Amino acid sequence: MAIFESPESLHAVLGTFFERLRQVDQAYLVYQIGGTLEFIFNKPSTRIRWIPQPPDSALPFRIAYGEPTEPVLLTFEQDGDTAHRFWLGRVNLQQALARQQVIARGPLSRAMKLIPHLDTIYPLYQEHLVAIGRSDLLEVRR
Amino acid sequence: MRAAVVSDYGEPVRIVSLEIDDPGPNEVLVEMRASGVCHSDWHAVSGRLPLPVPMVLGHEGAGVVRKVGSRVRQIQPGDCVVLSWIPSCGSCWWCTDGHPELCERANDAAVNGTLASGDKRVRWDGTPISVFSATGTLADFAVVSERSVVTIPSDMPFEEASLLGCAVQTGVGAALRSPIRPGDTILVVGAGGVGLNIVQGARIRGAAKIIAVDLSATNRELALSLGATLTINPAKDDPLLAILDYTHDRGVDVAFEAVGQVELVALAFNAARRGGTAVAIGVPAPNENLSINAFAFPSQEKTLTGSWYGGSFAPRDIPRLVELWKSGHLRLAPLIKRRYRLDDTPKAFEDLISGRGGRSVIAW
């Protein structure tokens, strides 16, 4: 059974996590990507974007849901289960790309700016799951 | 020390002054004497091959060992060595399964820009920076794992030896580990640094006909001198039609793609005969996908496979390649068309991407 049964359930977990990420130190890394980063999810089908905001904004990026109305620089397409495992730190991105579990479109090198910092972001997702009462999602089936 | 560095994707290659640490317990310090300039380095510069930057470029080198770590036993100061960019650990699942070229730890090191130990030994203004594929040979010195070096004869020219570190192992290795049988007809798409060595490997393996496809006249001439029996200029002739003409519509027994363009992988697959094999060796971007006819797999029993580093294990294969070179079966000197000093590395990359053909080597 899928981790997220509906777009709403994915938004309630990953969407709120992304909202939380806007407020951590690593959020400013979004400026190194240099454009909008879109996550396209299958199972359930939905989209979430990180849209960089001007440097003088209170937070470095905003979150948008649904079909994009603005240019997107880089997309990562994956199903909800893979996304959940990724943010838990259980997915090797290199292997996931090779197996087409994650399909990346756009300048992949821009995303490399985030990779060295992921080890500091994974624990935030675990903390977030606990904070929203979804500790049941901390363990994934192998 | 001086080194050729890319500071960020798309930025010019620069020669900068760096600090280098002493080798760790299982590492050695190598004074570089020659280093090839390879398209893979350029892909790191452009970001097509997304590796962590800033980074010391270069992964195909030869030099002299100057210092060894406290636990190093097999290598001595003064040894002449070739560097390998896959320091296989010998203990991970892939190494013990007989595929040291797929070593998990070596792969992690390459992806993270570290040495096999996970450490970084080069610093830029005090900050540790990455090295290309656990080596970083475009520098006056390189600290690498002892598993990254293989000794060579002291009288072997460093410039020729340096090419054993990547292009020769990759190309010859891919041919030797492919299903080529004596008398076969072979296709090599892309007769550059790796492709020319596939031509040599196919000849060594006993292929009767070797077709080389390349835009560069220099590379086509080199291919003919190294064993190709037909060359095709894709700017002039449709490669697939020319190959089918040459093989009486049967196709080739084994086809190799050595460029890293998905359209050319498809060409290699389409040019293989029924029951034939296509081998993808060139490195596309990590997020590129391939479109080929699925019906051809069952109905024509075709095989599409890949080859990484020619399936090589440097401690086993470099001594064999040296013997092939000594006996004249493997030719290295003709591959080198241009020589530069380290300070001219940016110019060497310019010449590389302009498609001048043949290999460029930085010599000290």
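Residues numbered from 1 in each chain as written. Chains lettered and ligands numbered in written order. Predicted model: local features only at pLDDT ≥ 70, side-chain atom pairs only at ≥ 80, totals over all residues. Heavy atoms only, no water.

A short note on the overall build of chain A
Secondary structure assignment for chain A yields six helices and five strands. When the elements of chain A are put in sequence order from the N terminus, they spell out α-α-β-β-β-β-α-α-β-α-α. Over its C-alpha trace chain A gives a radius of gyration of 14 Å, about what one expects of a compact globule, namely 14 Å for 142 residues. With the principal axes as the frame, chain A shows a C-alpha extent of 40 × 35 × 30 Å. By residue count, 46% of the 142 residues in chain A fall in the buried class. Excluding contacts between residues fewer than 6 apart, the proportion of contacts in chain A whose partners are at least 24 apart in sequence is 68%. A total of about 7100 Å² of accessible surface is found on chain A, and carbon and sulfur atoms cover 52% of it. Measuring between centres, the 15 positive side-chain charges of chain A sit 5 Å from its 15 negative side-chain charges. (Helix = DSSP H or I, 4+ residues; strand = E, 2+ residues; numbered from the N terminus. Rg over C-alpha atoms; globule rule 2.2 N^0.38 Å. Buried < 20%, exposed > 50% of the residue type's maximum accessible area, 1.4 Å probe, protein only. Contact = heavy atoms within 4.5 Å. Areas by Shrake-Rupley, 256 points an atom, 1.4 Å probe, with all protein chains shown as cover. Lys, Arg positive; Asp, Glu negative; His and termini not counted. Charge placed at Lys NZ, Arg CZ, Asp CG, Glu CD.)

Thoughts on the pattern of salt bridges
In this structure the tally under the stated criterion is 28 salt bridges over all chains. Asp140 of chain B is the partner of Arg2 of chain B in a salt bridge, and the nearest nitrogen-oxygen pair spans 3.0 Å. Linking Arg2 of chain B in strand 1 (residues 2-6) with Asp140 of chain B in the loop between strand 9 (127-131) and strand 10 (141-145), this pair joins segments that are 138 residues apart in sequence. A single salt-bridge network, built from bridges that share partners, covers Glu38, Arg47, Arg49, Glu67 and Glu70 of chain A. (Salt bridge = Lys/Arg side-chain N within 4 Å of Asp/Glu carboxyl O.)

Structural notes on the domain arrangement of chain B
All names here are of chain B. The domain architecture assigned to chain B consists of domain 1 (2-168 + 311-363) and domain 2 (178-306). In this structure, domain 1 and domain 2 have C-alpha centres spaced 27 Å apart. In total, domain 1 and domain 2 occlude about 1400 Å² of area from one another, counting both sides; carbon and sulfur atoms represent 59% of this. Summed over the shared surface of domain 1 and domain 2, the result is one salt bridge. Applying the counting criterion to the domain 1 and domain 2 interface returns six residue pairs in polar contact (both at pLDDT 80 or more). (Domains from an automatic or database assignment. Buried area = accessible area lost by both parts, 1.4 Å probe. Polar contact = N/O pair within 3.5 Å; in protein donor to acceptor, adjacent residues only side chain to side chain.)

Looking at the sheet that holds strand 15 (residues 252-257) of chain B
All names here are of chain B. An order of 14-13-12-15-16-17 is seen for the six strands of this open sheet, with the pairing classed as parallel. Strand pairing shows two members of the sheet lacking a second neighbour, strand 14 (230-232) and strand 17 (303-306), which therefore form its edges. Here the average twist between neighbouring strands, direction ignored, is 15°. The sheet contact formed by strand 12 (residues 185-189) and strand 13 (residues 209-213) spans five bridges and is parallel. Bridge pairing links Val188 to Ala212 in strand 13. Where helix 8 (residues 262-271) meets the sheet, it contacts strand 12, strand 15, strand 16 (272-280) and strand 17, and its direction lies at approximately 155° from that of strand 16. (Pairing = 2+ DSSP bridges. Axes fitted to C-alpha atoms, helices over the stretch in contact; angles between N-to-C directions.)

Considerations on the pairing of strand 9 of chain B
All names here are of chain B. The sheet contact formed by strand 5 (residues 55-56) and strand 9 spans two bridges and is parallel. Directly across from Met55, in strand 9, lies its bridge partner Ser130. Of the strand pairs in this sheet, strand 8 (residues 122-124) and strand 9 are connected by three bridges, and their pairing is antiparallel. Bridge pairing in strand 9 links Arg123 to Pro128.

As for the side chain of Ser312 of chain B
Residue and element names in this part refer to chain B. Note that Ser312 resides in the loop between strand 17 and helix 10 (314-326). At a separation of 2.8 Å, a polar atom in the side chain of Ser312 contacts the main-chain carbonyl oxygen of Tyr309. Not counting residues within four places of it along the chain, the set of residues in contact with Ser312 comprises Glu101, Gln169, Gly173, Arg177 and Asp317.

Focus: the environment of Arg220 of chain B
Residue and element names in this part refer to chain B. Relative to the helices and strands, Arg220 is located in helix 6 (residues 217-226). Judged by relative accessible area, Arg220 falls into the buried class, the value being 15%. The spacing of Arg220 and Ile232 is twelve residues in sequence and 7.7 Å in space, taken between C-alpha atoms.

Remarks on unusual backbone geometry
Cis geometry marks the peptide bond from Lys43 of chain A to Pro44 of chain A; its omega dihedral reads 5°. Turning to its location among the elements, Pro44 of chain A is positioned in the loop between strand 1 (37-42) and strand 2 (46-52). In this structure, Pro54 of chain B follows Val53 of chain B across a cis peptide bond, with omega equal to 0°. Relative to the helices and strands, Pro54 of chain B resides in the loop between helix 1 (39-46) and strand 5. Positive phi, normally seen in glycine, also occurs at Asp249 of chain B, with a value near 70°. Tracing the backbone shows Asp249 of chain B in the loop between helix 7 (239-246) and strand 15.

Some thoughts on the pairing of strand 18 (residues 336-340) of chain B
All names here are of chain B. Taken together, the four bridges between strand 18 and strand 19 (residues 359-363) define a ladder with parallel strand orientation. By the bridge assignment for strand 19, Arg339 is matched with Val361. For the segment spanning strand 18, helix 11 (residues 345-353) and strand 19, crossover handedness is right-handed. (Right-handed = clockwise from strand over helix to strand, strands pointing away.)

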